[in-house]
Amino acid sequence: MATYKQYQCKHCGYTVEANPKGHDLMMAGEVYTYLCKGCREIVDVLTFPLGEKAEKIKCPECGSEKLELWNPRKGKCPKCGGKLEETGMVMMVD
């Protein structure tokens, strides 16, 4: 079971819900959190759906392949580069 938490930028107010580890194994497959350089959003991507071949990883928001792994403990706000702080637990998922 994964716990997703909400993070908010102290500078611009941007918020995102993310796994504190930056990745997890769900029932559907491996999920990783990425920073999309195309749309400047933090996105979760199911990288290897169970039973399927691995394909190029693309942003689910804009389709860009310009993704880099992102972790809320080290990552910065994708909009302004400010510090993101945890605001609380959002949900638990399988």
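So, here is what we can say about the structure in this document.

Right, let's talk about the pairing of strand β4 (residues 29-36) for a bit. For a regular strand, side chains alternate in direction, first toward one face of the sheet and then toward the other. Counted residue by residue, β4 has six buried out of eight residues, so it is predominantly covered. The pairing of β4 with strand β6 (residues 67-69) spans three bridges and is antiparallel. When the sheet's bridge partners are listed, Cys36 is paired in β6 with Leu67.

Pairs may arise between side chains of opposite charge once their charged atoms sit close together. Applying the stated rule across the entire model yields four salt bridges. The residue Glu85 makes a salt bridge to Lys10 at a minimum N-O spacing of 3.5 Å. Note that Glu85 is positioned in strand β7 (residues 84-93) and Lys10 in the loop between β1 (2-9) and β2 (15-18), a separation of 75 residues in sequence. Classification of Glu85 as partly exposed rests on a relative accessible area of 33%. You can call Lys10 exposed: its relative accessible area is 61%.

Moving on: unusual backbone geometry. For Arg40, which is not glycine, the phi torsion reads 55° and is therefore positive. Of note, Arg40 is situated in the loop between β4 and β5 (42-49).

Within the largest apolar cluster, ten residues are counted, these being Tyr7, Cys9, Tyr14, Val16, Ala18, Leu35, Ile42, Trp70, Cys77 and Leu84. Looking at this core, the elements that each hand over two or more residues are β1 and β2. With near-sequence residues (within four places) excluded, Tyr7 lies in contact with Tyr14, Thr15, Val16, Ala18, Pro20, Pro72, Leu84, Glu85, Glu86 and Thr87.

So, about the pairing of β1. With four bridges connecting them, β1 and β2 associate as antiparallel partners. Pairing of Gln6 across the sheet is with Glu17, part of β2. As consecutive antiparallel partners, β1 and β2 are separated by five residues, and within that stretch Gly13 has a phi angle of approximately 90°, a positive value.

On to the environment of Val45, then. Topologically, Val45 is positioned in strand β5. Put simply, Val45 and Glu30 are 15 residues apart on the chain and 8.3 Å apart in space, counted from C-alpha to C-alpha.

Looking now at the environment of Pro60. Its place among the elements puts Pro60 in the loop between β5 and β6. Along the backbone, Pro60 and Asp44 are 16 residues apart, and their C-alpha atoms lie at a distance of 8.1 Å. Beyond its immediate stretch of four places on either side in the chain, Pro60 contacts Val43, Asp44 and Val45.

What counts, and where the lines are drawn
- Residues numbered from 1 in each chain as written.
- Predicted model: local features only at pLDDT ≥ 70, side-chain atom pairs only at ≥ 80, totals over all residues.
- Heavy atoms only, no water.
- Buried < 20%, exposed > 50% of the residue type's maximum accessible area, 1.4 Å probe, protein only.
- Helix = DSSP H or I, 4+ residues; strand = E, 2+ residues; numbered from the N terminus.
- Pairing = 2+ DSSP bridges.
- Salt bridge = Lys/Arg side-chain N within 4 Å of Asp/Glu carboxyl O.
- Core = buried A, V, L, I, M, F, W, Y, C linked by side-chain atoms within 4.5 Å.
- Contact = heavy atoms within 4.5 Å.

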